[in-house]
Amino acid sequence: MSYFTLAWLREGMVVQRTVSDRSGKVLLKAGAILTAQDLTRLEAEDIKGVEVLIADAPPTTLPKQLSAGPQTPEEIEQRLEQRFRHLDKDHPLVKELLRLCRMRETLHTAEPSQHGS
Amino acid sequence: MAVSPRELITGAIDLPSLPEVVMRAMELVNDPESSAIDIGRVLSEDTAMTARLLKIVNSPFYGFPSRIETVSRAITVIGTLDLLDLILATSVVKMFSGVPNDLVSMDSFWKHSLYSGVVARLLAARSKQPNVEHFFVAGLLHDLGSLVIYRKMPELAREALLRARYNGRILREAEQEIMGFDHAAVGAELMRMWKLPNSLVEAIEFHHTPSQAQHYPLVASVVHVADVIASSVRSGGGASEAAPPLDPGAWDLLKLPVQAVEALLVEADQQFGDAQSMILG
């Protein structure tokens, strides 16, 4: 869990501690995924920052990963695209790694991942 | 005010020192007049170290047919250099396992490090390199500088992580923009402070830029490729969720066919479980 000031909050981050205004009215519940509207509202309410989850994966994809449930081929491709975004996909080693990762991700979708990360 | 990696290492918050027995054993390795018996004697002085060492050599990771009961026997079977590298690995992990931070999951950090170490060891073995445990340690410790940064500059580290995770930046470039140096430079400085071999210093300093390694390009290249492989196949292991860019020259230096990677990963997965209980357990 990490405290982020407003400037560093992004859409898709997962709220870890419920945020209330000065009167105690709840603005965001723990577990909520931040939207653009939430960010505007937090600014309007002069909220300085929010405790959010820093996970090992982008919060936008975290709930699905935590659930370890089946994933569609499109979701697997999206994850791999994210993971391989700095790699040259024309390099023979990268091509091979991508092929093996597709295979492993598909297998892990069938059986929950042992890596748990 | 700008801070250098050296100032970060020697700064106000104390970082752990290597156990004295490890430092003495490392010195003996570099002493031409010392023997394996001398090194065994030094290691045996530390009973906790002896117990850890025997646990390692008797673990399924090695799978020796009969139980090894003494340090001198372990030295005979595994070799002095490899044994010292393993001692170094367990000592450093033990020292840093208690370093708290709220920026990354320590479990994921060490799993990525360990998987990188296992892959580095297998790459070295397939490239017919002697002293494969040296590659294992270099892979295991390649990101150690990140832990120093998380501890000493948590706010700046958070900014760098955010830029890497949400703005699509390469982590080391984000660190350089924000701090003026990256985790590789800090890790190398720590290795220097601990007076560890130059090959380890270079492997860590250049694990993202192995072509810049002047004296030990092969160790740096193996660790670089291992890091890329580990980050690719194990989602979310490293500090950034994206694998770092590959230096094609590093892969070429290994002279391995890409077809070898599939079998290597199968073996890495098998060894990872054993290595986990050996090093992290």
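Residues numbered from 1 in each chain as written. Chains lettered and ligands numbered in written order. Predicted model: local features only at pLDDT ≥ 70, side-chain atom pairs only at ≥ 80, totals over all residues.

**Q** Looking at this structure, how should I read the overall build of chain A?
**A** A count of helical and extended segments in chain A gives four helices and four strands. Mapped from its N terminus to its C terminus, chain A presents α and β elements in the order β-β-β-α-β-α-α-α. Looking at chain A as a whole, 21% of its 117 residues are labelled buried. Taking contacts inside chain A between residues at least 6 apart in sequence as the whole, the part at least 24 apart equals 54%. (Helix = DSSP H or I, 4+ residues; strand = E, 2+ residues; numbered from the N terminus. Buried ≥ 20, exposed ≤ 12 C-beta atoms within 10 Å, placed from the backbone. Contact = placed C-beta atoms within 7 Å.)

**Q** Can you walk me through the overall build of chain B in this structure?
**A** A tally of regular secondary structure across chain B gives 16 helices and zero strands. Over its C-alpha trace chain B gives a radius of gyration of 18 Å, about what one expects of a compact globule, namely 19 Å for 281 residues. Here chain B, with 281 residues, has 51% of them falling under the buried criterion. (Rg over C-alpha atoms; globule rule 2.2 N^0.38 Å.)

**Q** Could you clarify how one ought to interpret the interface of chain B and chain A in this entry?
**A** Of the residues lining the interface, 31 residues belong to chain B; the matching set on chain A comes to 27 residues. The element best represented in the side of chain B that touches chain A is helix 10 (residues 154-166) of chain B, accounting for four residues. Here the side of chain B that touches chain A is composed, by residue class, of 17 nonpolar, seven polar and seven charged. (Nonpolar A, V, L, I, M, F, W, Y, C, P; charged D, E, K, R; others polar.)

**Q** Whenever I open this one, the confidence of the model for chain B confuses me. Can you help?
**A** Reading fine detail from the predicted coordinates is not recommended where pLDDT is low. Predicted confidence across chain B gives a mean pLDDT of 87, with 94% of residues reaching 70 or more. The ipTM for the predicted assembly is 0.86, set against a pTM of 0.77. (pLDDT = per-residue confidence, 0-100.)

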